[in-house]
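Each chain, letter by letter, is given below.
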Amino acid sequence: YWAREYNSGVSYAQGDVPNFDKALRGFKNATLIDAERLEAWRNLAYVYYQMERVEGAIAAYEHIIAHAPDDANSLYSLGVLYLNEQRDEDAIVVLGSLVEVDPDHVEGHINRAVAQVNLDAFSGAEESYKKALAVNPQAANPHYNLGNLYWQQKEYAKALGAYAKAVELDPADDDALYNLAITHLALEDMDSALPLLEQLSKRMPHNAAVWRELGRIYAVKGQIEKSK
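As a convention, each chain's residues are numbered from 1 in the sequence order in which they are written. It should be noted that, the model being predicted, local features are given only for residues of pLDDT at least 70 and side-chain atom pairs only at 80 or more, the latter also being counted only at that level, while totals for whole chains, interfaces and linings use all residues. Side-chain metrics rest on all non-hydrogen atoms present in the structure, leaving aside hydrogens and water.

## Observations regarding the pattern of salt bridges
Between side chains of opposite charge, a pair can form as their charged atoms come close. In the sections that follow, a salt bridge refers to a side-chain nitrogen of Lys or Arg positioned within 4 Å of a carboxyl oxygen of Asp or Glu. The full count for this structure, using the stated rule, is 14 salt bridges. A salt bridge links Lys130 to Glu126; the shortest N-O distance between them is 3.1 Å. Of this pair, Lys130 and Glu126 both sit in helix H8 (residues 122-135), four residues apart, which is roughly one turn of the helix. The salt bridge partner of Glu213 is Arg216, with a shortest N-O separation of 2.9 Å. Here Glu213 and its partner Arg216 are both found in helix H13 (residues 208-220), three residues apart, which amounts to about one turn of the helix. Judged by its relative accessible area of 10%, Glu213 is buried. The exposure class assigned to Arg216 is partly exposed, which follows from its relative accessible area of 39%. Strands are runs of DSSP state E lasting at least 2 residues, helices are runs of H or I lasting at least 4, and numbering of each runs from the N terminus. The buried label goes to any residue with under 20% of its type's maximum accessible area, the exposed label to any with over 50%, and the partly exposed label to all in between, with areas taken from a 1.4 Å probe on protein chains only.

## Looking at the packing of aromatic side chains
Centre distance within 6.5 Å is the pairing criterion for rings of Phe, Tyr and Trp, where only the six-membered ring of Trp is used; planes under 30 degrees apart are then read as stacked, over 60 as edge-to-face, and the remainder as tilted. Following the criterion strictly, the structure yields four aromatic pairs and no others. The interplanar angle of 10° and the centroid separation of 4.8 Å between the aromatic rings of Trp2 and Tyr6 together place this pair among those described as stacked. One end of the pair is Trp2 and the other is Tyr6, both in helix H1 (residues 2-13) and four residues apart, which spans about a single turn. Where Tyr144 meets Tyr163, the ring centres are 6.0 Å apart and the plane angle is 55°; that geometry is what we call tilted. Here Tyr144, found in helix H9 (residues 140-152), pairs with Tyr163, found in helix H10 (residues 156-169); they are 19 residues apart in sequence, far enough to count as distant. The pair Tyr144 / Tyr163 is uniform in exposure class, with both members buried. In textbook terms, an aromatic cluster arises when at least three aromatic residues are bridged by ring pairs, as seen for Trp2, Tyr6 and Phe27.

In structure tokens form, the structure reads like this:
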């Protein structure tokens, strides 16, 4: 009976046109027939998520974790769901368990840092971002997030270094380049900010903030027509 209901759920979930209502019924029945077979719970959580029924997905993942605390995929999915629901303390705990199980889980470290930032736990967030970088030094995103963390604390010199590294690793990241330029301005270094903003004016011609800062720098430098 378990196999019949489970396979029914799989069939409906993976069809050319998925029928998540019927898939949900099949996986639910499978969990009732044998609550200890976690593959049905994993699929149940997936279907709930696809149907945007977050509470159901969270409950399913919580059941999985209670019975398989080392399930890295479920720990990550549950942590992200907690984060999206602004349950930051729960996210920190679950993602902390994840990185204990899998210390090389870059996204686990990053998302844990995001939850820590939300709770103003800045030193913990910095440590989490650095752990992500220790796993993958070539990842641009942790450097960018570190820059945001330092900027939030008005540690502009540290933010400058982090944004510069993010741009070095991902030159196409316009947000990182913009933040680098603005950090130069925060450090009163208009000469370094100017070429970056001029570059951004070509890459982001619809970004009003870029033109505003360019106009201000040109005015300070006495280039009135350019400023206009």
